[in-house]
Amino acid sequence: MIWNLGSINADNFYYVDHLPAAGETLAAERFQQGLGGKGANMSVAAARGAAHVVHIGAVGRDGKWAVDRLLEYGVITDHIAVVPEPTGHANINIDGDGENNIVLYPGANHAVTDKMIGAALSEAGPGDFLLMQNETTGQEFAVKTARTLGLRVAYAAAPFSAEAVRAVMDQIDLLILNAVEANQLQRALGLDIGDLPIDEIIITLGSDGCKWVSNKGKTTQDFAAYSVNVVDTTGAGDTFTGYLVAGLDRGLSMSDAIDLAMKAGALMVRREGTADVIPDLKEIQDHDFS
């Protein structure tokens, strides 16, 4: 079982000729809205990766549609609270090469309380996963509670904050971050990735694949990316993380879970959108990646 303390957003997509510069007013060529937020994306990805996923989070009174959508995609929604703050949202600009920039409004995601988290995790058991990101409140309380209950902890350090990582790094089992975030973390802490007190670290490298640093096993392994035509990179990292943790939760080895996650990410970047277009396990199994 995966208990995902994560954000839920309305994603507003603006398709533009190029990403706007400071002070520039730019007309969008197209607009689309869908379910998103790093937390929601990861819950959907993990559920589509055949894991049982409970989402811990909050929406505003305007967010019933998002809860219904998560439920439709196989996510357990019993621990999503309705709060007075509006549902979080993201304004996403996407250019013709599939690159993006994003402005987030946290809204209800920052109204998650320790009481909500505790009520959810009281139902968890040893060996389950706690999955976290940085788009909600309550990470420190959640990780301490999870460790007390014997859960494994996976932490996707985005949006990146070195201080947020520092606060929990001695209590997590798996850290997932991209190359830029890894460099920022090393500079902030004055430590190499291999010297962090974390058993397993995955560094995603975009079109260059990813790197698995096992401080527990004292090994490093590189994984080449699958070659695809990129349409939209939004949500690809979240899809990778959700599938990775789902694979581990289902008993796959780390290398097999990484390979599955990379295949999911490769299919994801061929599509426009976020949670609503994350591929399911059968799609991945049926696709020829050769």
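Read on for a plain summary of the structure. Note that the structure is a prediction, hence the values are computed from the model and not measured.

1. Here's the deal with the packing of helix 3 (residues 114-121) against helix 4 (residues 139-149)
Angle between the axes and distance between the axes are the two parameters that describe a pair of packed helices.
Part 1 of the reasoning: In contact at an axis separation of 10 Å, helix 3 and helix 4 are set at 25° when each is read in the N-to-C sense. Overall, the two elements helix 3 and helix 4 adopt an arrangement that is roughly parallel. Note that helix 3 runs across helix 4; the crossing there is right-handed. Where helix 3 abuts helix 4, its residues D114, I117, G118 and L121 lie against F141, A142, T145, A146 and L149.
Part 2 of the reasoning: Residues that form the contact of helix 3 with helix 4 fall into these classes: 6 nonpolar, 2 polar and 1 charged.

2. Some words on the sheet that holds strand 4 (residues 53-59)
Strand pairing in a sheet relies on backbone hydrogen bonds. The paired strands run either parallel or antiparallel.
Part 1 of the reasoning: Pairing within the open sheet is mixed, and its 9 strands lie in the order 5-4-1-8-9-10-11-12-13. For this open sheet the edge positions go to strand 5 (80-82) and strand 13 (219-223), each flanked by a neighbour on one side alone. Along the sheet, successive strands turn relative to each other by an average axial angle of 15°, direction set aside.
Part 2 of the reasoning: Where strand 10 (residues 174-178) meets strand 11 (residues 200-204), 5 bridges bridge the pair, whose relative direction is parallel. Note that in strand 11 the partner of L177 across the bridge is I203.
Part 3 of the reasoning: The sheet strands contacting helix 6 (residues 179-189) are strand 10 and strand 11, and the helix crosses strand 10 at an angle near 110°.
Part 4 of the reasoning: Against the sheet, helix 8 (residues 254-268) contacts strand 10, strand 11, strand 12 (210-214) and strand 13, and its axis sits at roughly 160° relative to strand 12.

3. Considerations on helix 2 (residues 64-72)
Part 1 of the reasoning: Within helix 2, the full set of buried residues consists of A66, V67 and L70. Down the axis, helix 2 shows its buried residues gathered within 100° of arc, on one side only. Exposed and oriented more than 90 degrees from the buried face of helix 2 are K64, L71 and E72.
Part 2 of the reasoning: Those residues of helix 2 that are buried are in contact with strand 3 (30-36), helix 1 (38-48), strand 4 and strand 5.
Part 3 of the reasoning: Of the residues flanking the end of helix 2, it is G74, one or two places downstream, whose phi is positive at about 95°.

Cut-offs used in this document
- Think of each chain on its own: its residues are numbered from 1, step by step along the sequence as written.
- Side-chain atom pairs in this predicted model are given and counted only at pLDDT of 80 or more, local residue features only at pLDDT of at least 70, and totals for whole chains, interfaces and linings cover all residues.
- In computing side-chain values, all of the structure's heavy atoms are included and hydrogens and water are not.
- The axes are straight lines fitted to the C-alpha atoms, using for helices just the contacting stretch, and the angles between their N-to-C directions are given from 0 to 180°.
- Only DSSP runs of H or I with at least four residues qualify as helices, and only runs of E with at least two residues qualify as strands; both kinds are numbered from the N terminus onward.
- Roughly parallel here means an angle under 35 degrees, roughly antiparallel means over 145, roughly perpendicular means 65 to 115, and every remaining angle is called oblique.
- We call a crossing left-handed when the near helix sits turned anticlockwise from the far one by less than a right angle, and right-handed when that turn is clockwise.
- By definition, residues are in contact when any of their heavy atoms lie within 4.5 Å.
- Only Asp, Glu, Lys and Arg are considered charged in this grouping, and only Ala, Val, Leu, Ile, Met, Phe, Trp, Tyr, Cys and Pro are considered nonpolar; every other residue, Gly among them, is considered polar.
- Pairing between strands requires that DSSP locate at least two bridges from one strand to the other.
- Each residue's exposure class comes from its accessible area (1.4 Å probe, protein chains only) as a fraction of the maximum for that residue type: buried when under 20%, exposed when over 50%, partly exposed otherwise.
- Arc definition: it is the arc formed by the directions from the helix axis to the C-beta atoms.

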